[in-house]
Amino acid sequence: MALDDVYTEVLGEHSRNPDHKHKLSCATCQMKGKNPSCGDEITIELQVEGGVVKEAAFTGIGCAISQASTDIMAELIRGKSVEDARRLANKFISMIKGELVDEDELEELDEALALKNVAHMPARVKCAVLAWHTLDDALKDQK
Amino acid sequence: MADAQEFLKDFPLLNHNINGRKVAYLDNGATTQKPEQMIQAICGYYGGCNANPHRGAYALSIKATDIYEGARKRTAEFIKAGRPQEIIFTKNATEALNLVAYSYGLHNVNAGDEIVISISEHHSNCVPWQMVAKAKGATLKYIYLEKDGNLSAEDIETKITERTKIVAVTQVSNVLGLKNDVKAIVKKAHSVGAVCVVDGSQSVAHMAVDVSDLDCDFFAFSGHKMLSPMGIGVLYGKYELLDAMEPFLRGGDMIEYVEEQDATWAEVPAKFEAGTQNVGGAAGLVAAIDYLEKIGFDRIEAIEADLLNYALPKLRELPFIELYGCDSTQDNKTGIIAFNVKDVHPHDVASILDNDGVAVRAGHHCAQPLHRYLGQNATCRASFYLYNTREDIDRWIESLKKVRGVLGYGA
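Here the structure is a predicted model, which means the values were calculated and not measured.

Peer 1: Lay out the overall build of chain A in plain terms, naming residues and giving numbers.
Peer 2: When you go through chain A residue by residue, the secondary structure sums to five helices and three strands. When its helices and strands are written in sequence order, chain A yields α-β-β-β-α-α-α-α. In summary, chain A has a C-alpha radius of gyration of 14 Å against a globular reference of 15 Å for 143 residues, a match within 12%. C-alpha extents for chain A along the principal axes are approximately 45 × 30 × 25 Å. Taking the contacts inside chain A whose residues are at least 6 apart along the sequence as the reference set, 60% of them involve residues at least 24 apart. Approximately 6,600 Å² of chain A is accessible, and the part contributed by carbon and sulfur atoms is 46%. Between the centroid of the 17 positive side chains of chain A and the centroid of its 26 negative side chains there is a distance of 7 Å.

Okay, here's the thing in structure tokens:
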């Protein structure tokens with residue numbers, strides 16, 4: 001597989017200039033996620049009101065894949081219901097694990113589709129899914 | 001260097017194409033590749049000599065016992081131990097160090113005592129001592145570093161005190177690649193009545209080790225970092241210390257008599273080798289020792305020094321490369337180079353190098369306290385061995401030049 005199938009322009013842009021990498025003063029919940037073996041550490045902050053993720057942001061350190069994945073996720077889930085956000089998280093994780101390949105099914109992942117080739121890099125799968133697992137954890141108790 | 005080319009042919013894996021090309025394998029600090037001679041030794045053992053040693057009175061078991069005990073004798077000679085009984089086979093250096101922590105540490109360290117280690121230890125020579133310190137109410141103290149990455153002479157002098165019971169240090173840092181003056185540290189430890197445990201994981205395959213000259217009390221290493229199979233490791237310990245220690249693991253082959261409620265222990269070294277041992281691994285270890293001694297450590301050190309001296313100026317020419325442990329004021333740098341590419345996470349660097357068939361390690365290299373101390377979340381590490389060539393270095397450097405571009409940064 002060619003390197004630029006993974007290190008796409010979308011990924012590069014989100015890792016170099018993330019839109020949502022900042023503290024969220026209005027956060028109603030936050031969750032830490034880490035990959036101790038890599039040293040990736042992120043904190044996701046969410047503003048959840050009336051069952052809707054109104055705002056999402058993150059802070060932390062990590063590789064380009066984990067940082068871009070987190071930024072893309074934050075963009076995608078803003079304005080989504082808690083239920084939808086969790087569903088998207090699980091869909092993304094299935095895509096990266098190579099369990100879900102149907103393009104129509106995956107379409108709603110939007111920019112996150114740019115990460116789908118990480119499925120072919122077993123060593124980097126956990127980088128891509130860190131944010132989404134963390135999101136799912138954060139939203140478990142949210143209504 | 002012509003030497004490396006000469007050895008390369010002995011390593012089947014390095015002659016295979018992986019993704020269409022041969023791998024430039026620069027992760028020898030993690031594990032080395034295996035020579036055909038060693039692989040054949042394992043095949044020879046399982047194909048012609050396999051039986052449970054120390055058990056049967058039949059010919060095969062006696063042969064297996066001879067191979068296993070012969071490996072002990074050969075290993076003792078290799079590191080200049082006083083007698084074969086001072087060699088305990090373990091599964092790796094981690095198990096060897098845990099053996100010392102559990103069987104010596106827990107019985108000889110008491111509340112108020114101190115254990116001294118260095119900040120550059122691998123987790124395997126750090127976490128077991130945390131366990132002992134917590135269990136016994138002792139204090140774990142650290143020797144920190146000089147600016148050039150070497151152990152602070154002042155810390156060695158001041159932190160090893162009358163309260164110190166154990167000093168545990170690595171002979172070569174697995175991240176910074178700097179050789180420590182272990183002999184002087186052993187002397188200091190002994191001057192206060194402490195024992196000194198040396199982690200030889202990064203040294204024993206790269207330089208001649210003489211535990212009698214070092215006078216260390218314990219010395220641990222893994223076979224797989226020195227051309228041998230995974231799953232065989234060694235603990236050297238001074239006989240009188242081993243003899244006085246409690247067993248680590250309990251079960252078959254390590255006992256003398258077993259009553260319903262009690263048991264007595266076999267002599268050293270059997271006391272520390274419970275259950276069926278890795279005889280095939282020990283046979284492989286012998287073949288690796290033979291291989292290394294045939295080449296000689298003078299040549300191995302010369303090859304690694306050549307690679308280091310070839311690589312460092314090229315790396316220093318790259319303005320986006322940050323190096324760690326490469327400015328030692330002493331002549332003690334080994335073939336391990338920790339580095340980072342500006343703005344790029346080590347895991348991305350490693351993936352991009354991998355795409356060019358260059359294998360380096362990325363992460364904390366099982367040395368989180370050191371990385372925290374250096375202010376780095378993670379680093380990349382290239383580590384050389386006798387089969388590496390200048391061409392491997394060239395491929396590494398050329399690939400490094402691409403890294404920032406792949407992620408959309410300017411050169």
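Peer 1: Lay out the confidence of the model for chain B with the relevant residues and their values.
Peer 2: Within chain B, residue pLDDT values average 96, and 99% of them lie at 70 or more. Reported for the predicted complex are a pTM of 0.95 and an ipTM of 0.91.

Peer 1: Describe the pairing of strand E4 (residues 87-90) of chain B, and please don't skip the residues or the numbers.
Peer 2: Residue and element names in this part refer to chain B. Burial along E4 is two-sided: Ile87 and Phe89 and Ile88 and Thr90, pointing in opposite directions, are all buried. Alignment of E4 against strand E10 (residues 233-237), held across four bridges, turns out to be antiparallel. Each residue of the ladder has a partner; that of Thr90, found in E10, is Gly233.

Peer 1: A description of the interface of chain B and chain A should follow, citing residues and the corresponding values.
Peer 2: Often the size quoted for an interface is simply the accessible area lost on bringing the parts together. Counting residues at the interface gives 15 residues for chain B and 18 residues for chain A. Carbon and sulfur atoms make up 54% of the surface buried where chain B meets chain A, a total of about 1,300 Å² over both sides. When the shortest N-O distance is used, the salt bridge between Arg124 of chain A and Asp348 of chain B registers 2.8 Å. Between chain B and chain A we count seven residue pairs in polar contact (both at pLDDT 80 or more) in total.

What counts as what
Residue indices follow the written sequence of each chain, beginning from 1 at its first position. Numbering of ligands from 1 and lettering of chains from A proceed in the order in which they are written. Since the coordinates come from a predicted model, pLDDT governs what is reported: local features require at least 70, and pairs of side-chain atoms require 80 or more to be given and counted, while whole-chain, interface and lining totals use all residues. Only hydrogens and water are set aside when side-chain values are computed; all heavy atoms of the structure are taken into account. Labels follow the DSSP assignment, with helices taken as runs of H or I lasting at least four residues and strands as runs of E lasting at least two, numbered in each case from the N terminus. Note that the radius of gyration is over C-alpha atoms, with the globule rule given as 2.2 Å times the number of residues to the power 0.38. Residue contacts are counted whenever heavy atoms from the two residues lie within 4.5 Å of one another. Accessible surface is estimated by sampling points in the Shrake-Rupley manner with a 1.4 Å probe; for residues, cover comes only from the protein chains shown. Think of it this way: Lys and Arg go in the positive column, Asp and Glu in the negative one, and His and the chain ends go nowhere. All charge positions are set by atom: Lys at NZ, Arg at CZ, Asp at CG, Glu at CD. Here pLDDT means the predictor's own confidence in every residue, given as a number from 0 to 100. To sort residues, take the accessible area from a 1.4 Å probe on protein chains only and compare it with the maximum for the residue type: under 20% means buried, over 50% means exposed, and anything in between is partly exposed. Note on pairing: DSSP must find at least two bridges between two strands before they are called paired. For any pair of parts, buried area is found by adding up, for both, the accessible area (1.4 Å probe) each one loses once the two are put together. In what follows, salt bridge is the name for a side-chain nitrogen of Lys or Arg lying within 4 Å of a carboxyl oxygen of Asp or Glu. Polar contacts here mean pairs of N or O atoms no more than 3.5 Å apart (in protein, one a potential hydrogen donor and the other a potential acceptor; neighbouring residues in sequence count only if both atoms are side-chain atoms).

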